[in-house]
Amino acid sequence: MELTLTGVRTRLGGRWVVDGIDATPPPGRLTGLLGPNGAGKTTLLRLVAGLLVPEGGAVLVDAGADPGAAATAPVPVHDLPRRARARRIALLEQESSSTVPLSVHDVVALGRIPYRTAWGADPDPAAVTRALEHARAAHLADRAWSSLSGGERQRVHVARALAQEPELLLLDEPTNHLDVSTQLSLLAFVRDLGTTTVAALHDLNLAAAFCEHVLVLSGGRLAAAGHPRDVLRPALLSEVYGVDCDVLTHPRTGRPVIAFAEPASDPAPTAPAPPTDGAPA
Amino acid sequence: MDRAPRRPPLTVLLAVGGALLVATVLVTVTIGPADLAVADVGHSIGAHLRIPGARPVPVLLDAIVWELRLPRVLTAAAVGAGLALAGAVMQSLTRNPLADPYLLGLSSGASLGAVAVLVVGVGLLLPVAAFAGALAALAATLALARTGGVLTPGRAVLAGLAVSQLAAAGTSFVIFWTATGDSYREILSWLMGSLAGATWSSAWIAGGALAVVGVVLVLSALRLDAFAFGDTSAAALGIDVGRTRWTLMTLVALLTGAMVAVSGAIGFVGLVLPHAVSVVTGPAHRRLLPVAALTGAVFLVWADTLARTVFDPRELPVGIITALIGVPVFAVLLRRGRGVAWS
C-alpha cells in the first residue's frame, strides 16, 4: 500500500504527542518506528490506522482496488469507510488480552469480521485456515487462547491480522516479552510477507537487522528517517535516546550493530544489546 | 482446559432448546394446587388460539390454565430470556465477566420506583413506576459517567455503582420511615424478584421488549465478538466502538427495565447463565445469544415453578431460588478453570 504522512499532528490531553510528521514508508517493505517511551509511536500508529483523526495534516493511502474510484488520487485514511479500512489495514496492539474463553481459531476468525455479512457468514470460509497456516500456527488452532505462551499468542495475533488480508500491517512493539529466537523469527516472517508494514520497535538492533527503513521519533517530531545504515548513527542515538554507543558492522550481514556503553552518571540501566551472532533467517 | 472443546451446531442447539422450552411451558402449567394433565393444557391453549382439533375444556380448568398459570409461565420465560440476553451483552460490552443486567443501577432505580408505589402510594401502576425508576437511574448513571471525560466501560460501572447505592439508600429510607408489616412483606418479595403478580399484560410487556430488543442484539452479534480484545482492537476491525457500546447498552437497559418492571430484580440469571451457556456454545455471540435466551427462559420457568410450589401455599420470591441454584453453578464454573481467563 502506498502510504504518505504529511504534517500529521495531534494532541492528547493538551500536549502535542505527534507534532508534524512527514514520512513515506516504502511500499511492500518493513519500516521500523523508533523512539524512546512517550515519543508518540503508539499514537502515530493509531493515526495511521485511521483510529484517530489528526488535528492537522493527513495520513494518505492509495484509493486501493475500489471499483468506484477511477482516479488514483490518495485519500485520507480516516475518510475510508470503517469496514473498507479494516479490510486494508490491520493493527496489532502492544497489550492484547481477553477475558473471553476463546480458542485460537476463534481469535483468528475475529480478523474476518470486516468481511462477514450481517448474519455472520464469511464469503471466504477457508481464510481462517489459510491465515493460520501462513503464520505457521495451524497446529495451535484447537488450543484455548488462555493456554498459549507469549510467543504463541503473538503468532496467533499475526495470523489474526493476516486473516484481515491487509495491504498495510501496523505492529506496536510486536517483540515485547518474546525470547530472542522468537523475536528474530517473527520479524523475519513479517519482513518477508511483502506487505507494507510499520512496526514500533524498542530494540534498535532488531530494527537495524530487519528494517528497510526506519522513522525515529523524538518528542512527537521526526528526528530522522531513512535506511538504518544512514540513520542509526551514534550522534543521533545520543541526541534522541541520550545513550553513549558505538555502531559496528555485523560481520555476516553488513547491517549496523549498536553497542551501548555504560552511562557515565545515570544509574538507570540502558537497553541491553541482544546477541547478534546468529544470522537472521 | 487446554484444548477448546468441540461445539455442537447452532441448529441442533436451537432445536433442542426450543423443544425443551415448549415442553417446559406445557408441563409447568400443569403443576400447582389444581391437578391438570398436559393434554388439558394443550386443548385449552389450542382452543384460545383457535387451532382446529382442540377440544373444549371445563371452564374452571380453562381459567386456571389461561388466566392464572399460562401468563405467569410465559412472563417467566420472557423475563428469563431477556435477563440472560442482557447479561451476556453487558459482559461483552464492558469486558467484565462479573457484569449483569443491573450493572448501571437499573434494579435499584426500579426498586425505588416500586417502593414509592407500594408504600408511599404514588398514583402509578407498579410496572410503570418501576420502569420509570429504572430509566431515571440509567439517565443518572450515563450523565455521571459522561461528566468531564471520555465514556469508558469502567466509568459507567463506577457511576452505576454510585447511582445504585443512592437509590438503595432511598429505598431503605422509605421502607424504614413508612412501611408496616404487610407492605414490608410485599416490598421484600418485590425486591427479591417475584412473578406472583404476573398477568397477560406482564407477559406482553416482557415478551414485546424481548422480541424487539432481542432481535437487534442478536443482529449485533458480530460487533460484540469484535470487543474480545478491547476497544482499539474492535475499532481496528471496523467497529464504531463508541456508538456500538452506547446504543447496545441503552437497548440492554431498556430491556432490563421492562423485565424489572414486571418481575422485580431477579438475580443470578443474567450473571451466571451466559457463562454456563458459553461452555457449550463457545464465545461467538451469534451462537451464544440465542441459546442463552432459550436457556434463560427454560431456567426461570422452572425456578418460578419451584418458587410457587415448594412451600405451597406460601410463595418464595423466585430470586431466592435463582440464587440457590446460581451460586453453586457459578462455583462449578470457577472450578472448571474458566477462572483462568478472568484473572
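Everything discussed here concerns the structure shown above.
Values in this document were obtained by computation on a predicted structure and should not be read as measured data.

1. Some words on the overall build of chain B
- Helix and strand content of chain B: 14 helices and zero strands.
- The order of helices and strands in chain B, counted from the N terminus, is α-α-α-α-α-α-α-α-α-α-α-α-α-α.
- For chain B, the C-alpha radius of gyration of 20 Å lies close to 20 Å, the compact-globule estimate for 343 residues.
- By principal-axis analysis of the C-alpha atoms, chain B measures approximately 65 × 55 × 35 Å.
- Within chain B, counting contacts between residues at least 6 apart in sequence, those at least 24 apart form 74% of the total.

2. Structural notes on the nonpolar core
- Within the largest apolar cluster, 148 residues are counted, with the highest numbers of intra-cluster contacts made by A:V108, B:V79 and B:I266.
- With 19 residues, helix α3 (residues 59-94) of chain B is the single largest residue contributor to this core.
- Excluding anything up to four places from it in sequence, B:V79 contacts B:L195, B:A206, B:M259, B:V262, B:S263, B:I266 and B:L300.
- Judged by nonpolar contacts, the second largest core, of 27 residues, contains A:L5, A:L45, A:V48 and A:V59.

3. Focus: the packing of helix α12 (residues 269-281) of chain B against helix α14 (residues 318-335) of chain B
Residues and elements named next belong to chain B.
- Running from N to C, α12 and α14 point in directions that differ by 40°, and their axes come no closer than 10 Å. By the angle between their axes, α12 is oblique relative to α14. Crossing geometry of α12 relative to α14 is assigned as left-handed. Contacts from V269, L271, V272, H275, A276 and V279 in α12 reach T322, G326, V329, F330 and L333 in α14.
- Taken together, the residues that form the contact of α12 with α14 break down as eight nonpolar, three polar and no charged.

4. Observations concerning the sheet that holds strand β7 (residues 168-172) of chain A
All names here are of chain A.
- Taken in spatial order, the six strands make up an open sheet running β6-β7-β8-β3-β9-β10, and their pairing is mixed. Either end of the sheet is taken by a strand with one partner, and the two such strands are β6 (89-92) and β10 (221-226). Strand-to-strand, the axes of this sheet are offset by a mean angle of 15°, without reference to chain direction.
- One ladder, built from four bridges, connects strand β3 (residues 30-34) with strand β8 (residues 196-200); its direction is parallel.

5. Some thoughts on the side chain of B:R72
Residues and elements named next belong to chain B.
- Checked against the element boundaries, R72 lands in helix α3.
- In this structure R72 comes out as buried when scored by relative accessible area, which is 8%.
- If we skip the residues at most four places from it in the chain, R72 touches L195, A196, A198, D304, R308 and E315.

6. Topic: the sheet that holds strand β1 (residues 3-12) of chain A
Residue and element names in this part refer to chain A.
- If you walk across this open sheet you meet the four strands as β2-β1-β4-β5, and the pairing is antiparallel. Both outer strands of the open sheet, β2 (15-23) and β5 (75-76), are each paired with one neighbouring strand and no more.
- Judged from the five bridges that link them, β1 and strand β4 (residues 56-61) form a sheet pairing that is antiparallel. Each bridged residue has a counterpart across the sheet, and for T4 the counterpart in β4 is L60.
- The sheet contacts of helix α1 (residues 41-48) involve β1, β2 and β4, and relative to β1 the element is tilted by about 120°.

7. Thoughts on the packing of aromatic side chains
- Taken as a whole and judged by the stated rule, the model has three aromatic pairs over all chains.
- Taking the centre distance of 5.2 Å and the plane angle of 85° together, the rings of A:W145 and B:F229 count as edge-to-face. Of the two residues, A:W145 is situated in the loop between α4 (127-134) and α5 (150-163) and B:F229 in the loop between α9 (221-225) and α10 (231-236); the pairing between them involves two chains.
- Summarising the aromatic geometry, the rings of B:F173 and B:W177 are spaced 5.7 Å apart at their centres and angled 15° between planes, so their arrangement reads as stacked. A residue pair is termed a helical-turn pair when its members lie 3 or 4 positions apart in one helix, as B:F173 and B:W177 do in helix α6 (residues 153-178) at four residues.
- Lying across the ring of A:W145, A:R153 places its NZ or CZ 5.0 Å from the centre.

8. So, the interface of chain B and chain A
- Contact with chain B, which involves 27 residues of that partner, is made by 37 residues of chain A.
- Between chain B and chain A lies a buried interface of about 2800 Å² when both sides are counted; carbon and sulfur atoms form 61% of it.
- Looking at the side of chain B facing chain A, the largest losses of area belong to B:L222, B:F229 and B:L237, adding up to 26% of the total buried there.
- We note a salt bridge from B:D240 to A:R82, for which the minimum N-O separation is 3.2 Å.

Cut-offs used in this document
- Residues numbered from 1 in each chain as written.
- Chains lettered and ligands numbered in written order.
- Predicted model: local features only at pLDDT ≥ 70, side-chain atom pairs only at ≥ 80, totals over all residues.
- Heavy atoms only, no water.
- Helix = DSSP H or I, 4+ residues; strand = E, 2+ residues; numbered from the N terminus.
- Rg over C-alpha atoms; globule rule 2.2 N^0.38 Å.
- Contact = heavy atoms within 4.5 Å.
- Core = buried A, V, L, I, M, F, W, Y, C linked by side-chain atoms within 4.5 Å.
- Buried < 20%, exposed > 50% of the residue type's maximum accessible area, 1.4 Å probe, protein only.
- Axes fitted to C-alpha atoms, helices over the stretch in contact; angles between N-to-C directions.
- Parallel < 35°, antiparallel > 145°, perpendicular 65-115°, else oblique.
- Left-handed = near helix turned anticlockwise from the far one by under 90°.
- Nonpolar A, V, L, I, M, F, W, Y, C, P; charged D, E, K, R; others polar.
- Pairing = 2+ DSSP bridges.
- Phe/Tyr/Trp six-rings, centres within 6.5 Å; stacked < 30°, edge-to-face > 60°.
- Lys NZ or Arg CZ within 6 Å of the ring centre and 35° of its normal.
- Buried area = accessible area lost by both parts, 1.4 Å probe.
- Salt bridge = Lys/Arg side-chain N within 4 Å of Asp/Glu carboxyl O.

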